[in-house]
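Below, each chain spelled out in residue letters.
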Amino acid sequence: MKLLQSESGDMCAFPAESAGQDPDIVVLGAGVVGVTTAYSLARRGYSVILLDRADGPAQGSSFANGAQLSYAYTDALAQPALLAGIPAILAGLNPAFRLRFTPDPDFLRWGLSFLRNCTKTRFAANTRAALVLGFESRLAMARLRDRHPFDFGHARPGKMHIFRDHASLQNARNTVAIKRVANVSQELLTPAKAIGIEPALSEIGSFAGALWTPSEEVGDPHRFCHGLLAILTRQFAVRTKFGFTIAGVDERKDRIVVRSSDGMTVSARNAVVCLGADAPGVLGKMGIRAPILPMKGYSFTAPPGANAPKVSVTDSARKIVFCRLSDSMRVAGLAELNNGDPRPDPARLQLLIDTAEAAMPKAAAYRETSAGWAGLRPMTANSIPIIKRARERVFLNIGHGMLGWTFATGAAERVAKLFQAVASNPMNDRSCIE
């Protein structure tokens, strides 16, 4: 592999295929996690090829998600406060949160693990671990933006989390205390102070209080992936193969061979799996367990309304986020655990629109919404991504849950550093396998 230095000082890999060699790494999946992983590896001088079944990057869960970069709001989903609501979820009485129960062993194992993580101790540990990755991601994103200042609607408006009752506000107070050791800048506000920061909150009705995080950011992940991919192909000689539906992955002695459903093959010396909710299916054929369940969510995009918020707003009771993206309003919400169908359900999408309009009637032009979108968030039971070396030539960067956009840059740096450590010490190359 021949290394070239770019104008920004990064190390670029000369295309290995020009010398008749396999590239160093094939990255499976071109969502925001896969594209950032390709970037972190290519920036270190490795030759990379990026595969995806879609006709371009960010066509799945990265296409139109909530768009919030919630680096400080990394609370684990499994928590004591959720336990009381599980009977209503199981009975189908919670319109915002649905659970598709199946008797298959993987689902049952995941569910039991999730319940074990609902203790105070594990919630605190998982939240702090996610917070560390969130801070790493914020730093990595800042460095990426400094090196490559392309436009993806990035802004730092801050985030306001609204609590409708005093019990949920107290839970928020407890979580703020958990994060205090990390010097997170979060402040619990009275309704009056919250409205003073974001006047649009005056129309949401009564609420007990709000959690204000002024450092939180936003950005369009779809635009980000397209912008970064242009840099990867032009500046770092990263190759892409879109329209490549993975039929299988074969592990050879000296390489990985990825087969497509139409008979094509791509080979590389190593592979990094960034397939989100599709990872368990591909990895299962390789004998690698990936304890991930899909969490289906919805969004729509509309022009800003007459009283659109400028800061990001999360209505905790209704499980809805309002995110201002330049000249549009992105609204996302609902959760359907263990639903692997990515197609939007028109009734559920309409529920999201109706609920959002009831919560903030003037936040968006609700009669001018986009067609709507649904995506599958890859959930682990503890809300911590799986970033590890699974086999001698297979690395994983999966399970980012509802924070894939937030965690992407930091997770990419972690897996790239892990790969670099293995590559630099081949005599001890099995020590990193988990």
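Above this text is the structure in question.
Attention here is on the structure that accompanies the text. If you're wondering where the values come from, they're calculated on a predicted model, not measured in any experiment.

**Quick word on the pattern of salt bridges**
- Across all of its chains, the model carries 19 salt bridges by this definition.
- Arg 318 serves as the salt-bridge partner of Asp 315, at 3.3 Å between the closest nitrogen and oxygen.
- A residue is classified by how much of its surface remains accessible, and Arg 318, at 28% relative accessible area, is partly exposed.
- Here Glu 336 ties to Arg 348 by a salt bridge, and the two come within 2.6 Å at their closest N and O atoms. Highlighted residues: Glu 336 in strand β19 (residues 328-337) and Arg 348 in helix α10 (residues 346-359), separated in sequence by 12 residues. Across this residue pair, the class does not change: Glu 336 and Arg 348 are buried.
- One network of salt bridges, in which partners are shared, links Asp 22, Asp 254 and Arg 255.

**Side note on helix α4 (residues 105-116)**
- The first and last C-alpha atoms of α4 sit 17 Å apart over 12 residues, in line with the 16 Å expected at 1.5 Å per residue.
- Taken as a whole, α4 has its buried residues at Phe 107, Trp 110, Ser 113 and Phe 114. Relative to the axis of α4, the buried residues are bounded by an arc of 130° and lie together on one face. Relative to its buried face, α4 has exposed residues pointing more than 90 degrees away, namely Pro 105 and Leu 112.

**Quick word on the pairing of strand β21 (residues 386-391)**
- Where β21 and strand β22 (residues 394-398) come together, five bridges link them in antiparallel fashion. Bridged to Arg 389 within β22 is Phe 395.
- In sequence, β21 turns back onto β22 through a hairpin of two residues.

**A look at the sheet that holds strand β12 (residues 246-251)**
- The antiparallel open sheet is built from three strands, whose spatial order is β12-β13-β14. With one partner strand each, in any of the chains shown, β12 and β14 (265-268) form the two edges of the open sheet. With strand direction ignored, the average angle separating the axes of adjacent strands in the sheet is 15°.
- For strand β13 (residues 256-260) and β14, the ladder comprises four bridges, and the chain directions are antiparallel. When the sheet's bridge partners are listed, Val 258 is paired in β14 with Val 266.

What counts and how
Residues numbered from 1 in each chain as written. Predicted model: local features only at pLDDT ≥ 70, side-chain atom pairs only at ≥ 80, totals over all residues. Heavy atoms only, no water. Salt bridge = Lys/Arg side-chain N within 4 Å of Asp/Glu carboxyl O. Buried < 20%, exposed > 50% of the residue type's maximum accessible area, 1.4 Å probe, protein only. Helix = DSSP H or I, 4+ residues; strand = E, 2+ residues; numbered from the N terminus. Expected span 1.5 Å × (residues − 1). Arc of directions from axis to C-beta. Pairing = 2+ DSSP bridges. Axes fitted to C-alpha atoms, helices over the stretch in contact; angles between N-to-C directions.

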